[in-house]
Amino acid sequence: MTLWDTAPWLLWSIVLPLSAGILTFLFRRAAPWIGIATTLGSVVSVAGLAAQVVHSGPLRYSVGGWGVPLGIDLRADGLSVLMLVMSAVIGVAVSVYAARYFSDADATDERAVQAHQRAYFWPLWMFLLAGLNGLFLAADIFHLYVTLELLGFAAVSLAALAGKRAAVVAAMRYLLVSLSGSLFFLFGVAILYAAYATVDLTALAGKVQPGPLAWSALALMASGLLIKGAVFPLHFWLPPAHANAPTPVSALLSALVVKASFYILLRLWFELFGAVVTPATATFLGLLGAGAILWGSAQALHQPRLKLLVAYSTVAQLGYLMLVFPLAQNAGSALTAWSACVYFVLAHACAKTAMFLAAGNIAHAAGHDRIADLDGITQALPLSVAAFALAGISLIGLPPSGGFIAKWMLLQAAIGSGKWGWATLILVGSLLAAAYVMRVLWHAFTQVEVARPLHRVPRTMEWSALALSLLAVLLGLMAARPVELLRSGAPVSMHAPGQT
Amino acid sequence: MTLEPYLLYALAGVGLFAIGLYALIARTHLLRKILALNVMGTGVFLFLIAIAYRSEPVADPVPQAMVLTGIVVSVCATGLALALAHRVQTTTGRMVLAENDESGA
Amino acid sequence: MNLDHWLLVFILLSSFVTGLIIFFLKEEAHRLRTLLNLFGALLKVILVGVMIAGVQANHVYESRLELLPGLDLVLRADAMSALFATLSSVLWLVTTLYAVGYLEGEPHRSRFFGFFSICVSATTGVALAGNLITFLIFYELLTLSTYPLVVHRGTEKSLQAGRTYLIYTLSGGALLLLATVWLHTLAGPVEFSLGGALAQVATQHRSELIAIFALLITGLGVKAALFPLHGWLPQAMVAPAPVSALLHAVAVVKAGAFGIVRVVYDLYGVYTAEALGVLAPLAGVAAFTIIYGSVRALFQDDLKRRLAFSTVSQVSYIALGTALFGYLSTIGGLTHLVHQGIMKITLFFCAGIFAHTLGVHKVSEMAGLGLRMPWSMAAFTIAALGMIGVPPFAGFISKWYIGLGAVGSGSYWAVAILAASSALNAAYFLPILHAAWFKKRQDPWPADHAHGAGEGHWMLLAPPLVTAALVVAAGVLANAPFSPLEWVRYITEIEYGK
């Protein structure tokens with residue numbers, strides 16, 4: 001046994017960003033380097049953790065050796081490992097991007113508030129990462145609440161970072177939504193504790209039985225998470241908050257933060273409330289997803305501004321995640337549907353980060369992000385436009401991207417259980433996504449006589465967008481191992497007959 | 001059937017939560033919204049304390065620990081909310097959230 | 001390392017990597033780009049040659065990648081894929097030469113040739129796909145890589161055409177995806193195999209298989225330009241001539257037609273398809289499209305639009321030959337896959353030369369063209385006569401076999417269709433030939449870039465001469481070994497289990 005095999009990697013993935021949060025606050029000059037080093041460090045610790053989980057199955061770790069019920073436990077299974085990998089990889093790309101973005105020498109008037117942005121971005125982002133990793137590793141529902149709040153505070157502060165009127169107002173709305181969502185969730189936690197006298201996920205798993213207490217807990221927690229996860233029709237706060245933030249922040253909010261609420265919902269639904277949920281509730285959530293796909297896409301088709309288009313695309317794509325609930329109803333296709341939605345989360349995270357970063361580059365170079373006036377942008381920024389296009393391919397779900405594999409599995413689950421309505425919805429959603437992505441790429445091919453003067457965009461900012469978009473596409477060719485890994489510690493209700 | 005005292009407190013907690021939620025939605029002034037959130041939070045805390053006293057004579061320590069943590073979180077949240085509300089007032093001149101601010105660049 | 005395992009991957013990469021490198025070349029790096037283009041194209045032809053020799057010697061080439069548990073990306077070389085891979089790689093080589101000459105001095109050439117190369121990689125992938133999911137992946141990649149070529153000019157009109165193209169092809173792709181997933185849930189991982197793979201499944205899931213067939217053919221029919229899904233093709237004519245040549249003869253339309261062939265013969269199997277009763281409707285649609293395309297072609301004055309409708313009509317010969325249940329018509333349909341390719345590419349090359357050198361875009365402007373550009377016009381004439389089905393050119397061979405097969409299976413209506421279509425072909429091609437060779441020129445040329453004398457640039461002229469020579473050779477030497485006809489006979493024998 002080497003140190004690598006036995007190290008408490010899951011602890012490191014929280015401790016590293018947490019200490020980096022303090023360090024970046026103290027040593028502002030070195031902040032970008034500390035940030036990049038921390039994200040690289042979290043890649044290493046996630047790799048170590050992944051090796052442990054692949055080798056010996058789900059892990060559990062008692063912080064400080066206290067154990068249940070008073071201590072805090074951490075646990076890692078296939079799902080949490082994949083989520084950690086996602087936050088680590090996205091984290092590296094965004095950090096590299098942000099290091100350049102917040103220190104760019106030829107800052108425009110638009111980014112006059114540079115100094116305080118640079119000062120606060122890094123600590124907030126590190127705390128955000130710590131909260132996120134803690135959330136993915138939480139073993140009890142109260143710890144989920146605390147990390148959800150930490151994440152929310154960091155996210156709101158980041159959203160307000162731009163300091164302009166629209167950003168502050170959007171952040172304020174985001175904060176109200178986030179706090180009320182968390183309180184709903186906490187109320188659910190309290191009810192579950194009242195009924196079963198434990199908050200531990202594993203201990204609760206076998207105990208929760210249908211009844212008024214379980215139903216009200218499910219209703220409260222689900223509503224809280226749906227509003228924090230910006231699920232249609234509770235998405236109203238997301239587009240302004242995401243679109244008005246500085247580019248790296250938009251990417252983090254859209255790719256990672258909204259996924260946290262969904263992650264909790266997924267865990268609760270399949271691990272705790274498996275015996276409580278009814279087909280009607282599952283269908284109801286699916287219908288919300290359908291609404292999100294159609295409404296979000298329709299809005300994306302009408303946005304005049306690029307970043308708003310990308311933000312509405314997030315609303316639409318989050319709708320797909322909701323489809324897991326109705327599609328997993330059928331025992332034969334449950335595991336497929338569940339894997340599909342987790343893989344969808346990964347693919348969307350890569351694609352959406354790449355798309356926001358590319359959109360940010362475009363907006364930076366052009367000095368605005370009005371879609372109608374983007375003619376000739378390709379000549380100036382071929383790499384960013386390529387990144388946008390590749391990310392778009394994954395969002396649309398065209399092969400061989402990660403989005404394609406996820407949609408393939410969703411379709412397989414839908415058709416396998418004879419749910420043709422959902423299958424049709426998935427395809428229609430893809431075509432709508434194609435329509436809004438092409439709205440932008442359309443301008444990549446128009447010719448302009450006189451190239452307008454454009455701001456220079458640093459190479460690292462272009463390449464970090466491109467690298468992530470390539471990853472989003474390549475995810476389609478390396479899905480076999482992650483999907484295999486997901487089965488480690490998959491919720492019990494997934495082990496349906498006929499599945500291996 | 002007699003109403004156990006702890007149940008009375010628990011129901012009062014639910015009531016506070018409901019009142020706070022109503023105010024959060026119905027009031028437009030930001031300070032009132034922040035206060036409403038605090039009322040909601042207090043409702044949840046009351047509920048938790050109530051269920052801790054189910055097992056008299058010795059109270060269950062776990063909900064109490066949760067409430068302590070919850071209060072810390074709540075104080076932080078209020079602080080952040082007040083700071084943001086102040087920024088809203090200085091940038092927009094008003095203490096309310098305008099309906100239509102998506103398009104502002 | 002086993003080289004056999006990697007050969008197919010190398011065939012794909014030979015153009016894919018070239019394409020990626022070209023994207024990063026500077027606009028002015030003209031020589032380097034041309035060198036890379038030709039190097040990639042030649043390498044691909046050589047590798048495909050190695051592959052054919054291996055397939056001939058019953059060598060199995062296969063590469064796999066696990067996409068998901070129970071779902072593999074499979075590349076495999078069989079006789080059918082060798083046919084299409086050869087067609088696309090050889091025609092790509094000549095088209096590359098032509099495109100280099102045609103686009104000389106135009107903007108965005110690095111972008112153009114990058115996508116051009118990726119487009120051919122996708123086509124080769126379609127040819128080498130060993131199962132439906134792999135086919136789908138490359139089929140969609142083809143859509144994506146051709147879109148930038150269609151809108152290359154960046155004008156309002158070409159962007160409009162590109163939009164139409166994407167709406168059609170992405171919708172078709174969605175149907176194809178639906179059918180592929182459905183089939184996968186029904187029958188598990190099914191791979192293409194000569195003779196068909198679904199005979200077992202057909203006994204239990206008859207109605208589902210019929211529905212899947214309808215979805216597959218609709219999805220493929222968009223690219224194969226089957227009526228009423230052909231709307232994008234005439235619009236896409238705004239693209240530069242090498243792109244039209246590529247779309248019509250090598251890549252897009254052919255990929256659709258090849259997909260139909262694959263589905264009928266190597267997925268369902270011709271006996272199963274016949275037993276399911278799905279061939280007759282397909283034959284009906286194909287027959288209608290043949291006549292419809294020819295009639296529409298008759299009324300086009302724009303030369304490229306006329307050729308486009310001619311493609312709509314001619315590609316359906318492949319579908320018709322495939323759908324008529326009979327050994328000989330299968331030979332005809334498959335041979336036409338190759339023959340139509342070399343004939344149509346010649347016609348587009350020539351149309352491009354006329355437009356590029358003299359500014360001639362319309363049929364009504366072609367009077368006296370034969371005297372001005374005898375070589376180009378001769379190539380055009382050979383290909384046009386081949387299209388009509390005049391012996392001894394290539395088109396005659398394939399039409400003859402389709403006709404024989406129709407008679408053999410008692411489908412006399414199909415013979416009538418063939419006759420009518422040939423008459424229509426003659427009606428829209430002969431006036432062009434007549435005007436070009438026998439009419440005297442009255443007005444000056446619309447835009448004479450060659451300043452009064454001579455043919456176009458040699459890079460433009462050589463490709464159509466080569467392909468026109470192939471048209472003659474494929475007809476005259478039809479019985480020689482390694483002619484398309486002989487190779488198709490070999491395939492057909494396996495498909496019918498003879």
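In this text the structure is predicted, and so the values were computed from the model without any measurement.

Trainee: How do you make sense of the overall build of chain B when you look at a structure like this?
Mentor: Regarding its fold elements, chain B presents three helices and zero strands. Going from N to C terminus, chain B has its helices and strands arranged as α-α-α. Residues classed as buried in chain B amount to 31% of the 105 residues present. Excluding contacts between residues fewer than 6 apart, the proportion of contacts in chain B whose partners are at least 24 apart in sequence is 55%.

Trainee: Got a minute to help me understand the UniProt feature "transmembrane region" (unreviewed entry) in chain B in this structure?
Mentor: All names here are of chain B. Mapped onto the present numbering, the UniProt feature "transmembrane region" (unreviewed entry) falls on residues 6-25, 34-53 and 65-85. Regarding residues 34-53, the helix share stands at 95% and the strand share at 0%, and the terminal C-alpha atoms are separated by 29 Å. Each end of residues 65-85 is marked by a C-alpha atom, and these two atoms are 30 Å apart; helix forms 100% of the span and strand 0%.

Trainee: Sorry if this is basic, but what is going on with helix α1 (residues 5-26) of chain B here?
Mentor: Since the α-helix packs 3.6 residues into each turn, any two residues three or four apart lie on the same face. Taking 1.5 Å of rise per residue, the 22 residues of α1(B) would be expected to cover 32 Å, and the 32 Å separating its terminal C-alpha atoms lies within 8% of that figure. Here α1(B) has its buried residues at B:Ala10, B:Gly13, B:Phe17, B:Gly20 and B:Leu24. The buried residues of α1(B) occupy one face: seen down the axis, they fall within an arc of 80°. For α1(B), the exposed residues lying more than 90 degrees away from the buried face are B:Pro5, B:Leu8 and B:Ala26. Buried-residue contacts for α1(B) involve α7 (165-196) of chain A together with α2 (30-52) of chain B.

Trainee: Looking at this model, I keep getting lost on the arrangement of the chains. Mind explaining?
Mentor: Comparison of the two pairs of chains in contact shows the highest number of contacts for chains A and B. As for chain C relative to chain B, no contact occurs, and the smallest C-alpha gap between them is 28 Å.

Trainee: How do you make sense of the packing of helix α4 (residues 78-101) of chain A against helix α20 (residues 459-474) of chain A when you look at a structure like this?
Mentor: The description of two helices packed together rests on the angle between their axes and the distance between the axes. All names here are of chain A. The contact between α4 and α20 brings their axes to 9 Å, and the two run at 165°. Here α4 is positioned roughly antiparallel relative to α20, judged by the angle of their axes. Relative to α20, α4 is oriented so that their crossing is left-handed. Residues Ala93, Val96, Tyr97, Arg100 and Tyr101 of α4 form the contact with α20, whose own contacting residues are Thr460, Met461, Ser464, Ala467 and Leu468. Broken down by class, the residue content of the contact of α4 with α20 amounts to seven nonpolar, two polar and one charged.

Trainee: Where do I start with the interface of chain A and chain C in this structure?
Mentor: The figure often quoted for interface size is the accessible area lost as the parts come together. Taken together, the contact between chain A and chain C spans 25 residues of the former and 23 residues of the latter. Where the side of chain A that touches chain C is concerned, the elements lending two or more residues are α18 (402-416), α19 (420-441) and α21 (480-486) of chain A.

Trainee: How should the interface of chain B and chain A be read in this particular structure?
Mentor: Taken together, the contacts link 34 residues of chain B with 29 residues of chain A. Where the side of chain B that touches chain A is concerned, the elements lending two or more residues are α1, α2 and α3 (61-92) of chain B. When grouped by side-chain class, the residues that make up the side of chain B that touches chain A number 24 nonpolar, six polar and four charged.

Trainee: Just to check I follow, could you spell out the environment of C:Pro464 for this structure?
Mentor: Among the structural elements, C:Pro464 can be located in helix α20 (residues 458-476). C:Pro464 sits 331 residues away from C:Ile133 along the chain, and the two C-alpha atoms are 35 Å apart.

Thresholds applied
- Residues numbered from 1 in each chain as written.
- Chains lettered and ligands numbered in written order.
- Predicted model: local features only at pLDDT ≥ 70, side-chain atom pairs only at ≥ 80, totals over all residues.
- Helix = DSSP H or I, 4+ residues; strand = E, 2+ residues; numbered from the N terminus.
- Buried ≥ 20, exposed ≤ 12 C-beta atoms within 10 Å, placed from the backbone.
- Contact = placed C-beta atoms within 7 Å.
- UniProt positions renumbered as here; feature names shortened; annotations may be inferred.
- Expected span 1.5 Å × (residues − 1).
- Arc of directions from axis to C-beta.
- Axes fitted to C-alpha atoms, helices over the stretch in contact; angles between N-to-C directions.
- Parallel < 35°, antiparallel > 145°, perpendicular 65-115°, else oblique.
- Left-handed = near helix turned anticlockwise from the far one by under 90°.
- Nonpolar A, V, L, I, M, F, W, Y, C, P; charged D, E, K, R; others polar.

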